[in-house]
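Commentary on secondary and tertiary structure
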Amino acid sequence: MKSSRCSLFPSSVFPLLAFGALAGVFSPSPVAAQTLPCAPCAGLVVDSSSEAERIAAELSTVVDVERETAVFVGWNGGAAGDGAAVAEAVRGAGATPWVRLVFTAPPPLAEAGEPLELEIAAAAAVARAVGDAWFQVDWRPDGGAEVSPGELAYLVKRVAVALSGAAARARVAVGPVPAQAGFVRALYAAELAGYLEALAVAPAGAEALGEVAAALGEVDPGRPLVVVGAPLPEPAIRALAAAARNAAAGAAATLFEKGDAAPAEAVVPLAVVARELSGDVTFDPYATPAGAPAWVFVRGEDLGLRVIAEAPAGPGGQPPDELTLAFPDPQLTAPARVDPVSGEAVDLFSGRRAGGGYQVTVADPDPVTVLRLGRLGVEELGEGGGVEERLEVAGERQVAVEEILRRLQAFEDAQARRIEHYGATNTTHLRFGVGAGPQSFEATLEGPYFFDPETGADWAWQTFFVNGVRWRGRTIPEIPLVQPEKAAAMPGEITFDRTYRYTLRGTETVDGREAWVVDFAPAEPLPAAAAEAEGDGAGAPSPAPSLYRGTVWIDRELSARVRTRAVQLGLTGEVISNEETLHYRPIDAAGEPAPWAPESFVLPLRVVSQQLLSVVNATTLVERETLLSGVTINGADFAERRAAVAASPVTMVRDTERGLRYLVPDEDGGERVVKEGFDTDKWFLVGGVFADDAIDYPLPLGGINYLDLDFRGSGGQLNAFFAGALLTVNVADPRVAGSRWDAGADLFAIAVPFADTVWRDDEEIEAEEVESRPASVGLKLGRPVGSFGKLSAEYRLLSREFSSTDETADDFAVPSDHLEHALGLSGRYARGGWSLGGNVGYSRRSEWEPWGLPGTAGFSADHEDFLYWGASLEKTWHLAGFEKIGAELAYVDGQDLDRFSKYGFGFFGDTRVHGYQSGKVRAERAYLAHASYGFEIGQLLRLDALADVAWATDEESGLDNETLAGVGIAGTFVGPWQTLINLDVGVPVAGPDDGFVAYVVFLKLFR
């Protein structure tokens, strides 16, 4: 908090006027809140830099450069080379450079392309050379096209970002725009405030200027209004009156076109402004005198007045012999007349109090006369004559979010102009699934990465790891690229439209840097409902545009990004949700860590994202981490290295406007070209063995797996797995009728029956053993909820066939074969690598006849229908070197569950305990915990140590929070002929089961 102390001088008629003068100094009115240290400010604009140097040289002879002034000397910006010299000359004369940048690109500017880019690049070069200066953006489109507010705002944003990036202290003005309040409001409706330091208007009358100043005060309070282009009057001293008149109407400064006036005469009004009207000075409408057109300006340091009086024309157009000014303030004193050329002040002895005010007579007045007047002090008024007042000026100004964004865009624009290209090594980890089991799968792609502004980013897949095991094939096969669609606009990019709205939340320390925290979201709600309901006229629905919602952290010192986190909205198709976090780091041109400084390059060297995919009826969580290392910026051998990689047989992709696309050699085997689309179907050869004590013998597996993510071009998905005794088929439509709904069906059948045994009171009851052969078909319907969740509904029809075994008692009644109708509802929420799931279901059997041994209590007619429910929480932590730790907690329960509907702990299902056979131990309720630790050995073998614990409760079996535990090993390695081999072996270590369960399978991609 700052404070200032001053005295207000009371009198019977004047306390309000004195307070009004002081309030004019400190109040935030549009005129007083100007950022220019003068009132009125004035300047000269000439055509060439050489003429500007002559003006500066003349001004330096009459201005005391030790005192801060804000007179302007402007010129038309030309070559960057001579800009530095003339700017230095202007500053050396105590003036401020004002560079007029004329742009001629025709509208629409968004489509102007190279002509506009060349003009902006030239403007940035001028700003880089000139440095600390004001830059006027003057648009004069070729062909004389009308200047529209929206187009002009677009140009100003583009140019302001380039100028601020080229010169940190560049200040931007736009215009001259028409002196029309409606035009100003329309201009600012394009969210221009954060990109301007001043608004320039064409010369206009006092009434029009007042209306424009009022409109500017509404849309951008405190922003200076500058009149540009007024012809320098004859004689030049009359420019003081014109500038004062404009100041009274609300214009902070007036810049005159020098015309043919001699430099010595033209600089006279500038000298007066520099000497008399610079510093803490503001227009005081309460002290305006009678007797002639005059304007009064009050100094905040002593409440003294500076008066500019225009002599009325006498006979023959000559000034009168004398000029009498009557002021309403009786406390004025010590009048002095200022010589406009030398700056010498000559005391006037004609001042006197009259009629409750103060009267000054000036003999032989000039066309414009400059006066100084003082005020009586407290000593002169006597004791008690002053009223002491304490004014509190509230703390520091809050930076507007538009200003922060402009600084960010300026930094990034300047950096982009310094980067011709760069190369790096891109390492991308794709982690599918979460939790503690071997179902978590990781694929890693690594290789050279090349970026240049013209072609974008190219990436070569030189090395491929599966769960940390290196792929030994000569080439990496093309795989279907399931990816989110490109957003219509990226937040914070230099698009300058109203796609997003931004909110400054505050400040925060992020990665050791003090940062602004700016939230962003689409400016308008996405028309998702309309997109789902309406088509494009050809039968295909029109998807809603994809945008982002999130937060950007902007370094307060450098105005560079520190971190960006964004959730993509409006997604359709297989990708349910996409959240990305970009971590930025400063580096030098050789890729070494560098300080947070303007000369460093700040790039997103680490990107972490999470996606939820809907793939053949399954909601799959994918965590992606991309790392850039070995960065070389503007390397001399960039083109040669990229050409050498492109000429090699490696797989390459390019990041296009439609997402990643494969880069393949053209038909002649020469340059690589973007391949439209990709093969969506793949065939795999599958073989292996499954061993479980529930099966009489190890079950051999041999067959094929077919996957198609765009079945027959319909957008549907198909996965079919046939391995002799086992058949699974899944079909899905991830985007039903173009909506966010997905639907699908699946089929499961196995030819080999599973043994179903009973464990009761720590003993296996072989007499009650039966065999079961399940088969099912299901229908599913799902829809995303928010950005991180999904709800799914399912109807499943299960066929259950039962038969006795050699161990079954003769009087044991086998359950009747039946159909089971099951309705289920499930949900999943995933964020930050955590996954929370829940489900509830109801099942009803088509018939349920008594079964079991006579006199036993296993059967109940109440079990014909039953309920079940459960929940789980999962997380995997990925460490360096392909190490990972997984954990999962789960709870399952139900109502009216019996032997054939309770939860089992075998290989199949969500309640697995490693080593436990299928269909042996079951429970009505259970709490489960799973843990895993995975690592790779020499890039040849992947091993996961697994541990499962369940606390099971089942009244019939005599289980009361019984501990069931098992451990296992899962592994991955690449076998001969580029086969991928997975194994999973488990043994029980606590509870009623013994033996082991093993699963070994190889997968071979052959098309």
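Residue numbering note: each chain is counted from 1, following its sequence as written. With the structure being a predicted model, the display of local features is reserved for residues of pLDDT at least 70 and the display and counting of side-chain atom pairs for 80 or more, all residues being used for whole-chain, interface and lining totals. Based on all heavy atoms of the structure, the side-chain values leave hydrogens and waters out of the count.

With that out of the way, let us pick up the pairing of strand β5 (residues 133-139). Exposure categories follow from relative accessible area, calculated using a 1.4 Å probe and restricted to protein chains: below 20% of the type maximum is buried, above 50% is exposed, and the middle band is partly exposed. Per the convention used, a helix needs a DSSP run of H or I reaching at least four residues, while a strand needs a run of E reaching at least two, with both numbered from the N terminus. When you tally the buried positions in β5, you get seven out of seven residues, the bulk of the element. Side chains Ala133, Phe135, Val137 and Trp139 project from β5 onto one buried face, and the interleaved Trp134, Gln136 and Asp138 project onto a second face that is buried too. Following DSSP output, two strands are said to pair if at least two bridges run between them. Here six bridges tie strand β4 (residues 96-103) to β5, and the two strands are oriented parallel to one another. Residue pairing across strands places Leu101 opposite Val137, the latter belonging to β5. Handedness rule for crossovers: strands pointing away from the viewer, path from the first strand over the helix to the second running clockwise, crossover right-handed. Between β4 and its parallel partner β5, the chain crosses via helix α4 (residues 114-130), and the hand of that crossover is right-handed. Summarising the sheet, β5 and strand β6 (residues 170-177) pair through five bridges and their orientation is parallel. Its bridge partner lying in β6, Ala133 is registered against Ala170. Tracing the backbone out of β5, into helix α5 (residues 149-166) and back to the parallel element β6 gives a crossover that is right-handed.

With respect to the helices and strands, the residue Thr551 is situated in strand β27 (residues 547-555). Among the residues examined, Thr551 registers a relative accessible area of 11% and is labelled buried. Here a polar contact means two N or O atoms within 3.5 Å. Within protein one must be a hydrogen donor candidate and the other an acceptor candidate, and residues neighboring in sequence count only if both atoms are side-chain atoms. Within the structure, the side chain of Thr551 is placed 3.2 Å from the side chain of Arg505, a separation counted as a polar contact. Engagement of the side chain of Thr551 in a polar contact is seen with the side chain of Asp519, the distance being 2.7 Å. By the convention used here, residues are in contact when the closest approach between their heavy atoms is within 4.5 Å. Ignoring any residue separated from it by four or fewer positions in sequence, one finds Thr551 in contact with Arg505, Val517, Val518, Asp519, Phe520, Arg563, Thr564 and Arg565.

Moving on, we get to the sheet that holds strand β10 (residues 281-283). The strand order across the open sheet built from six strands is β10-β11-β12-β18-β14-β15, with neighbouring strands paired in antiparallel fashion. The two strands at the open ends of the sheet, each matched to only one other strand, are β10 and β15 (345-347). Taking the axes of each pair of neighbouring strands and ignoring which way they run, one obtains an average angle of 30° across the sheet. Bridge count for strand β12 (residues 305-310) against strand β18 (residues 368-375) is six bridges, and the pairing is antiparallel. Bridging from a neighbouring strand, Ala309 pairs with Thr369 of β18. Angular values range over 0 to 180 degrees, each being the angle between N-to-C directions of two axes fitted as lines to C-alpha atoms, with helices fitted over their stretch in contact.

Let us now look at the packing of helix α6 (residues 181-188) against helix α7 (residues 206-219). Viewed as axis vectors pointing N to C, α6 and α7 meet at an angle of 20°, and their least axial separation amounts to 8 Å. Judged by the inter-axis angle, α6 sits roughly parallel to α7. Between α6 and α7 the crossing geometry is right-handed. Residues Ala181, Val184, Arg185 and Tyr188 of α6 pack against Glu211, Val212, Ala215, Leu216, Glu218 and Val219 of α7. Classes in brief: Ala, Val, Leu, Ile, Met, Phe, Trp, Tyr, Cys and Pro nonpolar; Asp, Glu, Lys and Arg charged; the others, Gly included, polar. Considered class by class, the residues forming the contact of α6 with α7 number seven nonpolar, no polar and three charged. When describing relative orientation, an angle under 35 degrees is termed roughly parallel and one over 145 degrees roughly antiparallel, while 65 to 115 degrees is termed roughly perpendicular and anything else oblique. Whether a crossing is left-handed or right-handed is set by the direction in which the near helix is turned from the far one by less than a right angle, anticlockwise for left-handed and clockwise for right-handed.

Pairing of aromatic rings covers Phe, Tyr and the six-membered ring of Trp, with a centre-to-centre limit of 6.5 Å; geometry is then stacked below 30 degrees between planes, edge-to-face above 60, and tilted otherwise. All chains considered together, the criterion is met by 26 aromatic pairs. Seen in terms of ring centroids, Trp834 and Trp877 are 5.7 Å apart; in terms of plane orientation they differ by 90°. Their pairing is edge-to-face. One end of the pair, Trp834, is in strand β46 (residues 834-845); the other, Trp877, is in strand β47 (residues 865-878), and 43 residues separate them in sequence. Taking the centre distance of 6.3 Å and the plane angle of 45° together, the rings of Phe866 and Tyr868 count as tilted. Chaining the aromatic ring pairs together yields one cluster made of Phe802, Trp848, Trp851 and Phe900. Sitting over the face of the ring of Trp516, Arg556 holds its NZ or CZ atom 4.2 Å from the ring centroid. Counting as a charge over the ring demands two things of the Lys NZ or Arg CZ atom: a distance within 6 Å of the ring centre and an angle within 35 degrees of the ring normal.

Residues qualify for a patch when their relative accessible area is over 30% and they have no salt bridge, like charges being joined within 9 Å and the nonpolar side chains of Val, Leu, Ile, Met, Phe, Trp and Tyr within 5 Å. Residue burial considers only the protein chains on display, and all accessible areas are found by Shrake-Rupley using a 1.4 Å probe. Criterion for a salt bridge: a side-chain nitrogen of Lys or Arg within 4 Å of a carboxyl oxygen of Asp or Glu. A grouping of Tyr829, Trp834, Leu836, Leu873, Trp877, Leu879, Ile885, Leu889 and Tyr933 is seen on the molecular surface, where their side chains present a nonpolar patch of about 830 Å² in accessible area. When residues of the nonpolar patch are traced back to their parent elements, those giving at least two are β46, β47 and β48 (884-895). Assignment of secondary structure puts Leu889 in strand β48. Here Leu889 falls in the exposed class, since its relative accessible area comes to 52%.

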